[in-house]
Each structure stands twice: as structure tokens, then as C-alpha cells.
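A closer look at the structure
Letter by letter, the chains look like this.
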Amino acid sequence: MVPPRYKRLVDNIFPEDPEDGLVKANMEKLTFYALSAPEKLDRIGAYLSERLSRDVARHRYGYVCIAMEALDQLLMACHCQSINLFVESFLKMVRKLLESDKPSLQILGTNSFVKFANIEEDTPSYHRSYDFFVSRFSEMCHSSYEDPDIRTKIRMAGIKGLQGVVRKTVNDELQANIWDPQHMDKIVPSLLFNLQSGERTESRSPSPLQATEKEKESPVELTERCFRELLGRAAYGNIKNAVTPVLMHLDNHSLWEGKTFAVRCFKIIMYSIQSQHSHLVIQQLLGHLDANSKNSATVRAGIVEVLLEAAAIAASGSVGPTVLEVFNTLLRQLRLSVDYELTGCYDGSTNIGTKIIKAHEERQLQEAVIRTIGSFANTLPTYQRSEVMLFIMGKIPVPGVHPALSSKDSGPEGTRMIQVMLLKSLVQVTAGFDTTNMLTALPTSFLEPLLSFSLTEDPEIRLLVLQILLSLIDRHDNAPKFLNVSIISDISVLKLKVDKCSRQDNLFMKKHGQQLYRHIYLGCKEESSGQQHYEALFALLGLLSMELANEEVVVDLIRLALALQDLALSTDEALPVFNRCAIHAVAAAYLNLICQLTTVPAFCQHIHEVIELRQKETPYLLPEDVFIENPKLPSSLEKVEGEVLFLQSKITEVLGGSGYNTDRLATPYVPQYTDEDRLSKRKSIGETISLQGEVESRNTEEITFETLKNAIVDSVGMEEQERERRRQVVEKFQKAPFEEIAAHCGARATLLQSKLNQIFEITIRPPPSPSGTISSGYGQTQSRSVPIYEMKFPDLCVY
């Protein structure tokens with residue numbers, strides 16, 4: 001019996017010796033026949049498949065290669081509607097090769113599959129399944145073949161195969177969804193395994209441009225390309241399924257601790273996905289951080305580092321509603337870390353089975369969280385950064401007011417640590433903060449709680465507050481020029497940048513100037529203030545002069561500097577000698593600065609004369625001798641008087657001649673006390689009395705010892721009276737006879753009822769009728785209802 005023509009044509013493409021390769025002339029005849037009679041394609045495929053299976057079984061691998069080459073050529077040539085049935089035979093043959101133990105056949109099958117994957121079919125297929133290919137290619141990605149070269153080839157074939165499956169299925173809605181977890185849980189870990197195994201090669205040549213040809217074709221390079229392509233094709237609903245296996249892989253293989261690989265993975269993810277989907281990845285990382293709340297600090301720190309990198313990339317795209325969620329999660333982790341460090345356990349109990357907490361690891365985590373907060377905030381626009389500042393400020397616990405983030409387990413020390421951590425976060429958020437309008441940058445809701453922290457006894461907290469204020473007020477990068485307190489004979493060498501004070505700046509100083517002066521004054525007065533505090537306070541004085549000074553502000557700042565000098569001279573405060581010398585030094589350095597800014601020659605002359613005399617007689621009153629490592633200070637400051645002091649009268653005289661307000665200059669500055677002093681736990685008169693407004697001699701009545709004494713005595717008398725009244729009421733109810741108590745209560749009930757009757761009579765009485773009232777019997781008036789159509793309206797009401 002003569003075999004059918006298609007079989008004869010297929011047989012003719014195989015040479016007698018497989019070494020000779022495919023018979024090209026006969027292959028062209030077979031291709032022409034397939035194109036002419038497309039209905040025969042499925043039979044050609046089935047016959048080729050049959051021959052190939054037989055050759056594989058007989059180990060005739062030369063003929064296997066020829067059969068696959070023929071299949072590839074037919075597949076590339078026949079883009080018609082009948083290709084579907086042919087593909088079934090083709091995939092069956094590829095599957096046969098992939099199931100083989102021989103690496104060369106596995107690679108051959110993969111290469112054919114990749115060629116097929118690149119063909120765009122005209123009609124979709126309902127019944128194809130790629131589950132086997134996903135599983136087999138993933139298995140090849142993990143190959144552990146003995147020969148390293150062959151192992152690399154098998155792994156690369158597996159990666160190419162996965163890339164082919166993704167390409168073939170991702171755009172075909174009728175196919176099994178490649179994004180399903182059952183597929184992603186195989187594909188993603190296989191890619192990450194190869195990405196990780198080639199890390200050493202990658203570190204040698206970080207740039208693809210510098211890589212050699214061999215390295216370009218390494219598994220890691222190919223894997224990264226495939227991974228990027230997979231993520232780039234992910235739609236909104238598929239991002240989660242693609243990222244979850246990454247998180248699981250990093251968990252299972254303890255890859256968070258090293259940080260570098262985890263960071264690299266998420267950099268690839270963030271740069272590969274569509275930018276509008278960035279916030280989905282951030283949300284997953286935040287959720288994963290929360291899920292690992294009780295894991296070791298190194299794991300949490302690794303996730304935070306990854307979040308830092310991912311959030312910085314995401315900020316350039318669409319972050320949307322996740323902005324405050326990022327900060328909320330990070331602040332929660334900060335609180336938990338402080339609790340863990342102080343309590344020594346994860347769940348508040350001391351079970352034997354709990355993990356050992358290492359304090360230094362928790363501190364490293366805290367630093368990582370603070371860095372992340374700052375880095376992410378720096379990518380935000382100004383308006384969002386202001387919101388974040390307010391958000392963090394609202395989380396800072398104030399004992400007795402709002403213990404927002406403090407924990408009962410960690411106690412007062414926990415509260416203090418949280419305050420420090422959150423203020424450090426604010427230092428990071430405000431660094432480089434650039435705004436034109438100080439009123440919006442420092443709203444009352446932010447500034448007042450911030451300044452209240454500058455009154456606490458903790459020197460670290462006060463210093464952090466000063467750093468935040470410096471960041472926010474410094475808009476022209478002048479702050480670094482002021483951080484070194486010194487007497488400069490010509491301030492032009494500092495190259496300070498000054499802009500004209502805007503209307504908003506003037507309004508800001510009108511509203512908040514007195515608060516800022518007061519906090520500078522009280523900050524200098526603190527015994528626990530050290531060199532860094534005084535340097536920061538001087539910088540704050542300098543910045544106020546450069547950024548926010550009009551003529552009135554300059555006068556107030558000069559008065560403040562003279563008040564600081566008086567504070568240093570005062571024996572009532574019992575300040576240590578270092579503090580008093582430091583205050584003298586700050587006042588001198590500031591007056592030297594402001595006199596040159598005002599450019600009044602007589603003012604400059606007086607300041608320079610006092611400074612020159614100090615250099616000769618009392619160098620310990622100047623910054624060069626105070627703010628050094630081992631300052632040489634006197635045992636006491638009893639003899640500081642006369643010409644080594646700046647004179648308020650002399651300064652008032654010389655500045656008055658240049659048009660400055662002499663009345664204001666002649667009035668000594670006195671800080672006003674407010675409710676903030678109560679919050680700061682100071683044992684001062686501020687706890688009992690609030691002196692609203694500055695105490696100025698011309699418009700304030702004199703407050704003497706007698707007036708304060710009378711106020712206190714009066715309040716004590718009132719309290720005594722109230723106590724006596726309460727005692728009498730209790731005694732009456734205890735000792736009086738029942739009839740008397742009943743009568744007393746009855747009288748009160750009758751009085752209450754009569755009042756209620758009056759109220760009801762007023763409220764229930766019908767409203768007066770437009771037609772007036774009519775009289776009823778017994779002389780009482782009765783309201784009469786008149787139909788609206790009978791009412792008489794003025795002409796002006798009718799039209």
C-alpha cells in the first residue's frame with residue numbers, strides 16, 4: 001500500500017546519515033505542501049511527533065534534532081487558522097524532549113518552545129495547558145547537574161522557557177491565568193534563585209556596559225531581563241501575586257538580614273512595574289513589616305531598608321494615600337522597638353521560650369527607621385512634608401496630655417525614648433525643608449507643641465528641638481556659618497545671604513516672635529545646657545536676624561541679648577560658672593554680629609570697645625575662650641562689672657540717633673510665662689500664675705510681693721469656705737430628723753415643678769394670630785384662628 005503524500009514528504013526530509021542534517025530541498029517541498037493544504041497540517045504534525053517519539057526511544061538523537069528543526073520551520077511558515085491542531089502535536093513533542101534525562105534534548109526542546117512563544121497566533125486556544133511547562137522549566141532553573149557548564153546551560157534554558165510561557169500566556173485572556181498563585185509560586189522563586197546565585201558575578205561588573213560577552217549571557221543577566229519583563233506585564237490586580245512570592249522567598253531563605261539582595265530585588269520590582277502601581281508594592285512591604293513585628297531586629301531592619309529604597313523610587317510616581325500609612329507603620333515599629341529594648345521581650349511577658357532581644361540590634365533598627373522616615377519625606381512635595389511634620393508631632397507623647405505612642409510596659413523611660421526618636425525623625429523630615437512662607441511652614445499647631453518640648457529638663461530633647469527650628473527657619477543655607485560661635489571683626493567673610501523680609505515673614509514674627517525670644521532666653525537659663533546648646537541658640541539668634549528681621553525684630557533681639565547678659569550677672573539663678581560665661585559669650589558674639597548688620601558706626605564702636613577690653617581683661621567672657629575643649633574659667637564671676645559689659649543706655653542712645661525706637665530699646669526684656677511652663681514640669685511661678693503679655697513699665701501695673709501674696713491668700717480663703725459649706729450639708733443629712741429632710745426636699749421639688757409649669761406655658765401657648773385675639777369668658781383672651789384667605793395683607797405684600 002502506497003503511504004499518503006504528506007508521509008512521503010515528511011520521510012524525504014530525513015537523510016540516510018543524520019550527520020548530513022535536514023534535506024533542505026525536500027523541506028521546501030513539505031513547507032509548500034503544508035501551505036497549499038493547511039488542513040493536512042495536523043496530520044503532518046502527528047506523523048512528525050510519532051517519528052520523533054520513536055527516535056527518542058531508540059536514542060537516535062540526530063534524527064530527533066532534524067524532526068525538531070522541521071517542526072520549527074513549519075511553525076514559523078504556517079500562520080494560518082489551522083495551526084491550532086498542529087501546535088498540539090508540536091507541544092507534545094516538546095514535552096517529550098523536556099521529560100528526557102539528556103540535557104541536550106531538554107535544551108533542544110526549550111529552544112523550540114521559545115521560538116513558538118514568539119509567534120503571535122491569529123486565533124486563541126481554549127484548551128491548551130501550560131502547567132507542565134511552568135513546572136518543568138522551574139525545575140530546570142534549579143538544576144544541580146554535576147558539570148558546571150552544562151548546569152548553567154540547563155538553568156538558562158529553564159529561564160528562557162519561563163520567559164516563553166509568560167509571553168505566550170500573559171496577553172491571551174482565554175488561557176489559564178499565569179498570574180495565579182499556583183504559577184507565580186513556582187516562577188518567581190525560580191528566577192530569584194538564579195538572580196541570587198549569580199550575585200558574585202554581578203558585584204564584579206555592576207554595569208552591563210562593562211560586562212564581557214560571556215557575563216552578558218550569564219544566568220543572572222538573563223534572569224533579571226526575564227524578571228523585569230514579567231513585572232512590566234503585570235496589571236493592577238496582578239501586582240500582589242507577583243510580589244508575595246518574593247517576600248516569601250526572602251523570608252524562607254533568611255535574605256532580609258544581608259539587605260543587599262533584598263534591596264536589589266525590590267529595586268528591580270519598583271523600576272519594572274508601571275509607576276502608577278508603585279503604592280501597591282509599598283503597601284505590601286508595610287503589611288509584611290507589621291507581620292514580622294515579633295521577628296528579630298535584623299529582619300525588621302532589613303525590611304525597613306528595603307522600604308526605604310522602594311519608597312524613594314515610588315515617590316517619583318504615584319504614592320497617593322499611602323504617604324501617611326508609611327509614616328504610621330514606621331512610627332508604630334519605632335514604638336515597638338523601644339518597648340522590646342526596655343522590656344527585654346516581644347510580648348510583655350518573660351516566658352522561657354521567648355527570643356533573646358539584643359539592645360544594640362534594636363537601636364540599629366531604630367536608626368534605620370528614622371533614616372527611612374527622613375529619606376521618604378525628602379522625596380515629598382512641600383505641602384505633603386508639612387502634613388507629615390504635623391502627623392509626627394501629633395504622635396509625640398506628652399505625659400498627662402496625650403500619651404499617643406507611649407507604652408505602659410516601658411514606663412517613663414519609654415516615653416522619653418519615644419520623644420527622642422520622633423524628634424530625631426522630625427530632624428530628618430525638616431532637613432533641607434524649603435519654603436517661602438513661614439506661616440505655612442511653621443503653623444501654630446506645629447510650633448507651639450515643638451516649643452513646649454524646648455522647656456523640658458532633658459538636654460537631648462532640647463537640642464533636637466533647636467535643630468528642627470534651625471532647619472525650618474534657614475532658607476538660604478546660612479545655618480552652617482553660625483554653628484561656630486566666634487567674634488568676627490568683618491562678617492562679610494561669612495558671605496551671608498539676605499533677602500528682604502516679606503509681608504508673611506513680618507506677620508510670622510508678630511505672631512510668634514515673643515515665643516521664640518522666650519525660648520531662647522529660657523534655653524540659655526537651663527543648667528543642663530552644654531556647648532552644643534549654646535552654639536545652636538546663637539545660630540538661632542543669627543538666623544532670626546538674617547531671615548525674619550525687620551526694624552522692630554532687630555530691636556527685640558538686641559533687648560534679648562542684653563537680657564541674657566543680665567541673666568548671666570544675676571546671682572538669683574545660681575547658674576554654674578560655665579553657663580554664665582557661655583551666656584556672656586553668646587551675647588557678645590551676637591551683639592558683634594547684629595551691630596555689623598545694622599551698620600550704625602557708633603553702635604559698632606561701643607560693641608568693639610567692650611570686646612577689646614574683654615580680650616585684655618576677661619577673655620573668659622568671649623566664645624574663643626569658653627567654647628573650647630578645656631576652657632579656663634574663673635572660680636566665680638563676682639567682679640564682672642563696669643566697662644566689660646554692654647550698656648543698655650549707651651546702645652539706646654546710639655541707635656536712637658539712627659531712628660530706632662528708643663522707648664522700646666530702653667525697656668528691659670522680660671520673658672512672659674505661659675501654660676507651657678506647666679507642661680515642662682518646672683517648679684516655678686509659671687505653674688500658678690500666667691503673666692499674659694510682656695511686663696513693660698509704661699503700660700503694666702506694678703506686680704509686687706504683696707499683690708502675689710494677696711492673690712494666693714484669697715484663693716486659699718475661698719477653698720476654706722467651700723469646704724465648710726460641704727461639711728455642713730453632709731452633717732445636716734446625717735443628723736437632721738427625717739421630717740425636716742423630707743420637707744426640705746419637698747419644697748425643692750415644688751419649686752422645680754412651678755418653674756417647669758412656667759416654661760411649658762410659654763412654649764406650648766399657640767402663636768399669636770395675624771387677626772388678633774378674642775375674649776372668652778372670665779376675662780381670659782383666647783386665640784382665634786382665621787383662614788388665610790380672609791387675612792388682610794398690606795398692599796406691598798401682594799403682587
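Small disclaimer: the values here were computed from a predicted structure and weren't measured.

Within this structure, the stated rule accounts for 25 salt bridges. In this structure, Glu 139 engages Arg 136 in a salt bridge whose closest nitrogen and oxygen atoms are separated by 3.3 Å. Residue Glu 139 and its partner Arg 136 are both found in helix H7 (residues 131–141); the two are separated by three residues, about one turn of the helix. Residue Glu 139 is classed as exposed on the basis of its relative accessible area of 52%.

Another point: helix H27 (residues 551–569). With 19 residues, H27 extends 28 Å between its outermost C-alpha atoms, agreeing within 8% with the 27 Å of an ideal straight helix rising 1.5 Å per residue. Burial runs high along H27: 15 of the 19 residues are buried.

Turning our attention to the packing of aromatic side chains. Summed over the entire model, instances satisfying the criterion amount to 15 aromatic pairs. Pairing Phe 113 with Phe 133 gives two aromatic rings, centres 4.9 Å apart and planes at 25°, and the pair type is stacked. Taken together, the residues span a long stretch of sequence, with Phe 113 in helix H6 (residues 103–117) and Phe 133 in helix H7 at a distance of 20 residues. Here the aromatic cluster, defined as three or more aromatic residues joined through ring pairs, consists of Phe 90, Phe 113, Phe 116, Tyr 130, Phe 132, Phe 133 and Phe 137. We note Arg 51 situated over the ring of Phe 14; from NZ or CZ to the ring centre the distance is 3.9 Å. Across from the ring centre of Phe 116, 4.5 Å away, lies the NZ or CZ of Lys 168, which sits over that ring.

All right, on to the side chain of Ser 100 then. Locating Ser 100 in the fold gives a position in the loop between helix H5 (83–98) and H6. The class of Ser 100 is buried, set by a relative accessible area of 13%. Among residues more than four places away in sequence, those in contact with Ser 100 are Leu 105, Gln 106 and Arg 136.

Where like charges cluster on the molecular surface, the negative patch consists of Glu 16, Asp 17, Glu 19 and Asp 20. Tracing the backbone through its elements, the reader meets Glu 19 in the loop between helix H1 (5–12) and helix H2 (24–36).

A contiguous nonpolar surface patch, about 360 Å² in accessible area, is contributed by Leu 752, Leu 756, Ile 759 and Phe 760. Structurally, Phe 760 is set in helix H35 (residues 738–764). Judged by relative accessible area, Phe 760 falls into the partly exposed class, the value being 43%.

With their axes 8 Å apart at the nearest point, helix H22 (residues 444–453) and helix H23 (residues 459–473) run at an angle of 145° to one another. Listed contacts from H23 to Phe 446, Leu 447, Leu 450, Leu 451 and Phe 453 of H22 are Ile 461, Arg 462, Val 465, Ile 468, Leu 469 and Leu 472. In the contact of H22 with H23, the residues fall into 10 nonpolar, no polar and one charged.

We now examine the nonpolar core. By size, the foremost hydrophobic cluster in this structure holds 228 residues, and its most contacted members are Leu 48, Phe 133, Phe 227, Trp 256, Phe 266, Ile 558 and Phe 603. Filtering out sequence-adjacent residues up to four positions away, Phe 133 remains in contact with Leu 91, Val 94, Arg 95, Leu 98, Phe 113 and Val 165.

Right, let's talk about the environment of His 476 for a bit. Inspection of the secondary structure puts His 476 in the loop between H23 and helix H24 (479–482). Residues His 476 and Asp 434 lie 42 residues apart in sequence; the distance between their C-alpha atoms is 8.9 Å. With near-sequence residues (within four places) excluded, His 476 lies in contact with Lys 497, Asp 499 and Glu 547. Polar side-chain contacts of His 476 include one of 3.0 Å to the side chain of Glu 547.

Procedures and definitions
Residues numbered from 1 in each chain as written. Predicted model: local features only at pLDDT ≥ 70, side-chain atom pairs only at ≥ 80, totals over all residues. Heavy atoms only, no water. Salt bridge = Lys/Arg side-chain N within 4 Å of Asp/Glu carboxyl O. Helix = DSSP H or I, 4+ residues; strand = E, 2+ residues; numbered from the N terminus. Buried < 20%, exposed > 50% of the residue type's maximum accessible area, 1.4 Å probe, protein only. Expected span 1.5 Å × (residues − 1). Phe/Tyr/Trp six-rings, centres within 6.5 Å; stacked < 30°, edge-to-face > 60°. Lys NZ or Arg CZ within 6 Å of the ring centre and 35° of its normal. Contact = heavy atoms within 4.5 Å. Patch = residues over 30% accessible without salt bridge, like charges linked within 9 Å, V, L, I, M, F, W, Y side chains within 5 Å. Areas by Shrake-Rupley, 256 points an atom, 1.4 Å probe, with all protein chains shown as cover. Lys, Arg positive; Asp, Glu negative; His and termini not counted. Charge placed at Lys NZ, Arg CZ, Asp CG, Glu CD. Axes fitted to C-alpha atoms, helices over the stretch in contact; angles between N-to-C directions. Nonpolar A, V, L, I, M, F, W, Y, C, P; charged D, E, K, R; others polar. Core = buried A, V, L, I, M, F, W, Y, C linked by side-chain atoms within 4.5 Å. Polar contact = N/O pair within 3.5 Å; in protein donor to acceptor, adjacent residues only side chain to side chain.

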